[in-house]
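# Examination of the molecular architecture
Residues per chain, in single letters:
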Amino acid sequence: QVQLVESGGGLVQAGGSLRLSCAASGSIFSINAMGWYRQAPGKQRELVAVITSGGSTNYADSVKGRFTISRDNAKNTVSLQMNSLKPEDTAVYYCNANLAAVIDGVYRYLELWGQGTLVTVSE
């Protein structure tokens, strides 16, 4: 079994900070990239930030300068530090990973999604 588990969501006041974490578990061979997406009610899921195995990052324009994505390759985890939060950041945040795993003795290339963690930013 290979899965992603997110944590760190919650309720915070505008201007505050939260740190989200995502851990990949299972017979993982390598992780090519991990990222965070979010989906607000009635909205399409959108990319927030992504980081490659080499450390390259990309951010949505709406979060540049406020959010920072990082990863720990040894622990197969990715984190999203969210500062200066705005009510517009309220959404369910989903971890995403593009990885290679060994399943039933076979090498497979997978894209996985976490179950989501809710972030609510009040006025």
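Our subject is the structure listed above.
Please read these numbers as outputs of a predicted model, since none were measured by experiment.

### Observations concerning the nonpolar core
Counting residues in each nonpolar core, the largest one holds 31 residues, and the members touching the most others are Trp-36, Leu-80, Met-82 and Tyr-93. Looking at this core, the elements with two or more residues in it are strand 3 (18-25), strand 4 (28-39), strand 5 (46-52), strand 7 (67-72), strand 8 (77-82), strand 9 (91-103) and strand 11 (117-122). Excluding residues within four positions of it along the chain, Met-82 makes contact with Gly-16, Ser-17, Leu-18, Leu-20, Arg-66, Phe-67, Tyr-93 and Val-119.

### Considering the pattern of salt bridges
Summed over the entire model, instances satisfying the criterion amount to four salt bridges. With its nearest N and O atoms 3.0 Å apart, the salt bridge here joins Lys-64 to Asp-61. Taken individually, Lys-64 and Asp-61 each receive the classification exposed, so the pair is uniform in this respect. Each of the salt bridges in this network shares a partner with another, and the network as a whole consists of Arg-38, Glu-46, Arg-66 and Asp-89.

### Topic: the sheet that holds strand 7
Hydrogen bonds along the backbone pair up the strands of a sheet, which may run parallel or antiparallel. If you trace the four strands from one edge of the open sheet to the other, you get 1-3-8-7, paired in antiparallel fashion. Only two strands of the sheet have a single partner each, and these edge strands are strand 1 (3-7) and strand 7. Each strand axis lies, on average, 15° off the axis of its neighbour in the sheet, ignoring direction. The pairing of strand 3 with strand 8 spans six bridges and is classified as antiparallel. By the bridge assignment for strand 8, Arg-19 is matched with Gln-81.

### A few points about the state of the cysteines
Inspection of the entire model under this criterion finds one disulfide. Disulfide pairing places Cys-22 opposite Cys-95 at an S-S distance of 2.1 Å. Disulfide Cys-22-Cys-95: the torsion about the S-S bond is -85°, which places it as left-handed. Of this pair, Cys-22 sits in strand 3 while Cys-95 sits in strand 9, and the two are 73 residues apart along the sequence.

### Side note on the side chain of Arg-66
Of note, Arg-66 is situated in the loop between strand 6 (57-59) and strand 7. Of note is the side chain of Arg-66, whose polar atom sits 2.9 Å from the backbone oxygen of Ser-62. A distance of 3.0 Å separates a polar atom in the side chain of Arg-66 from the backbone oxygen of Ser-84. Contacts of Arg-66, omitting those with residues within four sequence positions, involve Gln-81, Met-82, Asn-83, Ser-84, Leu-85, Lys-86 and Asp-89.

Reading the values: rules and limits
- Residues numbered from 1 in each chain as written.
- Predicted model: local features only at pLDDT ≥ 70, side-chain atom pairs only at ≥ 80, totals over all residues.
- Heavy atoms only, no water.
- Core = buried A, V, L, I, M, F, W, Y, C linked by side-chain atoms within 4.5 Å.
- Buried < 20%, exposed > 50% of the residue type's maximum accessible area, 1.4 Å probe, protein only.
- Helix = DSSP H or I, 4+ residues; strand = E, 2+ residues; numbered from the N terminus.
- Contact = heavy atoms within 4.5 Å.
- Salt bridge = Lys/Arg side-chain N within 4 Å of Asp/Glu carboxyl O.
- Pairing = 2+ DSSP bridges.
- Axes fitted to C-alpha atoms, helices over the stretch in contact; angles between N-to-C directions.
- Disulfide = S-S within 2.5 Å.
- Polar contact = N/O pair within 3.5 Å; in protein donor to acceptor, adjacent residues only side chain to side chain.

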